[in-house]
Amino acid sequence: MSRLLHRRTVLAGIATSSLAPSGPSSTLPGGPVQAATPRIRYGAAAMKENFNEDPRYRAAIIEHCDIITPMNDLKWEALRPERGKFNFEDADRILAFAQKAGKAIRGHALCWYNAMPTWAQGLRTGAEAERELRQHIETVLARYKGVISSWDVVNEAIAHDPTPTRPWRDTIWNRLLGPAHIDIAFETAARADPAAELVYNDYDYENVGPRFEARRRITLDMIRRLQAKKIPIHGVGIQAHLYAERAIDEEGIVRFGADLQALGVKMLVTELDLIDWRLPADIRQRDIAAARHVETFLDAASTAQPGLPVITWGITDKYSWVGETFPRTDKLAARPLPLDESYRAKPMMDVIQRLRRA
Ligand code: XIL
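Residues numbered from 1 in each chain as written. Predicted model: local features only at pLDDT ≥ 70, side-chain atom pairs only at ≥ 80, totals over all residues. Heavy atoms only, no water.

The next thing to look at is the nonpolar core. Within the largest apolar cluster, 95 residues are counted, with the highest numbers of intra-cluster contacts made by Trp151, Trp173, Phe186 and Phe297. Sort the elements by how many residues they give to this core and helix α11 (residues 283-304) lands first, with eight residues. Excluding its chain neighbours within four sequence positions, the residues that come into contact with Phe297 are Glu206, Ile238, Ala240, Leu242, Ile248, Ile253, Val269 and Leu272. Residues Tyr243, Ile275, Val322 and Ala334 belong to the second largest nonpolar core, which totals five residues. (Core = buried A, V, L, I, M, F, W, Y, C linked by side-chain atoms within 4.5 Å. Buried < 20%, exposed > 50% of the residue type's maximum accessible area, 1.4 Å probe, protein only. Helix = DSSP H or I, 4+ residues; strand = E, 2+ residues; numbered from the N terminus. Contact = heavy atoms within 4.5 Å.)

Set out below in structure tokens:
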């Protein structure tokens, strides 16, 4: 544990009395610059490789962020390459950096079907899965108690296209334990670190249509189920890998935020980036369209729950999963993040900073 200080920088605790109406404020060309109260806190996910090799990357994170999330280093694959052995070195390096810089830290992710080491894909029985899941969460939280203040406890448990009879994704956890794996994960996390903010994290909450509504409804039902069993859940993370070509359901987001609030649950934006594969090639046009889309989304989310944390999934276009996962047919590089490949602030960063300072 050596270099990690047991000091918690708290993510929560932002004044919710400052319920600012989402006025017509805008930092995009032609828009007035004005807003009355702090609307978001901002952070970024950091990748170990870039973090270790690129001093400008570290400097950008220090300059712009309040919060840091290790992008991949707290996943099972990274922490547990072998059964019965935990490798904390890579995560510790980023966490020590974040602490030294006085940043709050979010952890991602304690229970996910993806990024599982080969040995864990071979779990065979419910009892074995439950034992490993509990042991994993207890070990990781014991180590990072007082260091990581907010955790994605369960990631992506909802089916991509859920139906009333099949709301959950077909994963190793769901096959072996059913939806009770969610209860087990949250219950274990709450006991292992009672002070941590415990978050359910998923994608496709923010657009218009029945599939997105269903995902919001299933999330709210799941929270009610956990609460009925007195299992704590403190937040829902909207990943927000936003597709530029899909309309944002502003009203749906505001309603979701209010529904969560009524249950005493916070909304977070945990993996924001902009998938620009369908946007025009022209860089200026593309960056402005991207920023407008992000602005529409963040205005709704920060109206729903003012002061919410907003984490982008990376910080510079130089390094992002979007270009590989959602390639453009014209082969141009993706521009999904707030800084360009040379670390210049794009209109998306202006939107974020306007909301952060507002
Ligand atoms: C992605 C990372 O960005 C990549 O570097 C990695 O190779 C694969 O995972 N939803 C999640 C994240 O919850 O963990 C994923 O991150 C992106 C989708």
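Moving on: the layout of surface pockets. Taken as a whole, the largest pocket spans an internal volume of roughly 420 Å³. Lining the largest pocket are 24 residues, with Gln239, His241, Glu271, Trp313 and Trp321 positioned closest to its centre. Within the residue set of the lining of the largest pocket, elements represented by two or more residues are β7 (241-243) and β8 (266-275). (1 Å grid on protein atoms, 1.4 Å probe; cavity = no way out; pocket = protein on both sides within 12 Å on 5 of 7 lines; lining within 4 Å. Points joined across faces, edges and corners; volume = space filled by probe spheres on them.)

Bringing empty space enclosed by the protein into the picture now. Throughout the structure, instances matching the rule amount to two cavities of 30 Å³ or more. Approximately 40 Å³ is the volume found for the largest cavity. Considering only residue class, the lining of the largest cavity consists of six nonpolar, three polar and one charged. Roughly 30 Å³ of volume is contained in the second largest cavity. Together, Lys75, Trp76, Ala109, Trp112, Asn114, Ala115 and Met116 line the second largest cavity. Across the lining of the second largest cavity, the residue classes tally to five nonpolar, one polar and one charged. (Nonpolar A, V, L, I, M, F, W, Y, C, P; charged D, E, K, R; others polar.)

With that out of the way, let us pick up the pattern of salt bridges. Summed over the entire model, instances satisfying the criterion amount to 32 salt bridges. Two residues, Asp299 and Arg354, come together in a salt bridge whose shortest N-O distance is 3.5 Å. Residue Asp299 is found in helix α11, and its partner Arg354 is found in helix α13 (residues 347-357); the two are separated by 55 residues along the sequence. For the pair formed by Asp299 and Arg354, the shared burial category is buried. One salt bridge in this structure joins Lys346 and Asp317, with 2.7 Å as the shortest N-O distance. In this pair, Lys346 is assigned in the loop between α12 (322-325) and α13 and Asp317 in the loop between β9 (308-312) and α12, connecting sequence segments 29 residues apart. Like Asp317, Lys346 is buried. What you see here is one network of salt bridges that share partners, running through Asp287, Asp317, Arg335, Glu341 and Lys346. (Salt bridge = Lys/Arg side-chain N within 4 Å of Asp/Glu carboxyl O.)

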